[in-house]
Amino acid sequence: MNTTTATYHNAEASTESRGRSVFAAAFILLILVAAALAGWAPLGFALVTVFLFAGPHNWMEARFFLSRMPARWGAQKHYFLLGAGGILTLAVGSVLWPTFARSWQWETDSVLLGLAVWNSAFLLWIVALAVLRFRETRREAWLWTVPAGCLLLAANWLQPLAWSLGLVYLHPLVALWFLDRELKRRQHDWHRVYRRILWLLPVVVGGLYWQLHNAPHLPGRDWLTMQVTGQAGAGVLSEVSSRFLVATHAFLELLHYAAWIVLIPLVGYAGSPWRLQKIPLAQRSRVWRKAVLWILCAGAAVVVALWAGFLVNYPVTRDVYFTVAILHVLAEIPFLLRML
Amino acid sequence: MRRVQTAVCGLLLGSLLLPSPASGDIPPIESNVPEKPTKRVSTAEVPFTITADRRAKTNRLVIPKKFLDNTRAVSSSPFGKIQTVIAGTAIALAVAGGAFLLLRRRQRGTQVAVSGLLIGLTGLVVSQLATADIAPPISDVPRAWKQVAAGQQNVTIEIVEKGDSVQLILGTYYRSPSRDRFDQPKPPEDGAAAPESEKSSAPN
């Protein structure tokens, strides 16, 4: 009996070790291949990854958030109300103020003021959510978000453009943070390996910089090239090659997509993402179950429509997508704070 | 000892929240610092040279036209003032908040370290208040500047079509022969091209 138990444990440990090795190898391979492709053909890589993965990753994110939303808010009502209200208000604001700026032909100072105000509202929203988390958990670490938020506020007002560009580059890393939390909860062994592999990221970005920072700017003054290079910050960091900026941004975006589409579902809810048993809202009542099903189906339809839109008119669809995509960027914040 | 520490920290935290640090770029009223020009100045980094011309009577600041593109007004911009006030206030709040959270920990070492840091920060802020907007002196051309005769502290600004750098040409021509250390060359005729300067200094 003891021999059988020991053999069973050995087999289990061996399986876990093999699983950990496969995960580590796959993750390292993903990072290296993504960096190589992004460095070799940054513009093409950026266009293809957005076309293939933008829609599906949003669907998987929505699926994940549904699985993390409690069936009844209860004591967390204020937190989720502030979260939802902030998401909607900031999303509408992010669409409205550039529209006003263009229509009323704001001068540079007014545009910078609008940008700084929006960034400040975004920061204050995060700090307010963190303070609510402190009230729930009574962990003093949450209070450090207040001085940290004030420092970020100062940085925003001193350099609003650079601050916004920083958000563009930090947002892809949020998915890796989600993955970190999921691994810590469900796969502790993989978590240690994952954190060590993350040190590869600055090395890879450094390699891209070493190869590309002095490379000629990406050619082409067409709308699509300007969209991609503008989003990567070529207008703000004009002394750095746009080739490097686009390559780095596209590389980070692919990691973001891979985390949401493959890695987090693998760890977070092993099994089919379309099964509703693990969505608390869907268990609340038949009405809610239908509502969740409709949300997922509508989301899938939007993904297909997005692909069709990209095929018909890529630049316009890309513009529309990234305008609406602010919703998912904002939605990540309250769910991430709940996992910390 | 703890009460004294708490009182000192409270005073320092309170002083950090006063509005004076937020106006660190506004010079004191009695100072001799000239008012910032309201003309548009370039905020891009451009090559800059300082030369001394013994044959010139006046100082000239020569700016090629191309450097005046894409400039923005600095001191006349309301956004600049709002930036400074909000950023300064936010930094002060961040320091105060961080110090408060550290002081809540009942560890003597942390409290002493934070008190020392606050005293040092306050001293630094106060010492920089009156000079925050004054550029450090250019150490490369001290001799040339000393030789600029009294009354030649003005500068003529010239916008030129061509040129690759902004030039400050100090006129070191002397009126009084007894004070000359060098040969006194002929002064340039009015409207003549600027003579070649014998000494240049290009700060980094």
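What counts as what
- Residues numbered from 1 in each chain as written.
- Chains lettered and ligands numbered in written order.
- Predicted model: local features only at pLDDT ≥ 70, side-chain atom pairs only at ≥ 80, totals over all residues.
- Heavy atoms only, no water.
- Buried < 20%, exposed > 50% of the residue type's maximum accessible area, 1.4 Å probe, protein only.
- Helix = DSSP H or I, 4+ residues; strand = E, 2+ residues; numbered from the N terminus.
- Pairing = 2+ DSSP bridges.
- Contact = heavy atoms within 4.5 Å.
- Buried area = accessible area lost by both parts, 1.4 Å probe.
- Salt bridge = Lys/Arg side-chain N within 4 Å of Asp/Glu carboxyl O.
- Polar contact = N/O pair within 3.5 Å; in protein donor to acceptor, adjacent residues only side chain to side chain.
- Nonpolar A, V, L, I, M, F, W, Y, C, P; charged D, E, K, R; others polar.

Draft legend 1. Focus on the pairing of strand β1 (residues 48–53) of chain B. All names here are of chain B. The buried fraction of β1 amounts to 5 of the 6 residues, a majority that puts the element mostly inside the structure. Sheet analysis places β1 next to strand β4 (residues 166–171), joined by 6 bridges and oriented parallel. Bridged to A52 within β4 is L170.

Draft legend 2. How the structure looks around the side chain of S164 of chain A. Residues and elements named next belong to chain A. Relative to the elements of secondary structure, S164 occurs in helix α6 (residues 160–186). Relative accessible area serves as the criterion here: at 16%, S164 is assigned to the buried category. Setting aside residues up to four positions removed in sequence, S164 forms contacts with L115 and N119.

Draft legend 3. Quick look at the interface of chain B and chain A. Contacts between the two partners involve 16 residues from chain B and, on the opposite side, 14 residues from chain A. Each partner contributes to the roughly 1,400 Å² buried at the junction of chain B and chain A, and carbon and sulfur atoms together form 76% of this total. For the pair chain B and chain A, the number of links is 1 salt bridge. Linking R104 of chain B and E140 of chain A is a salt bridge whose minimum nitrogen-to-oxygen distance equals 2.7 Å. Connecting chain B to chain A are 3 residue pairs in polar contact (both at pLDDT 80 or more). Classifying every residue of the side of chain B that touches chain A by side-chain character gives 10 nonpolar, 4 polar and 2 charged.

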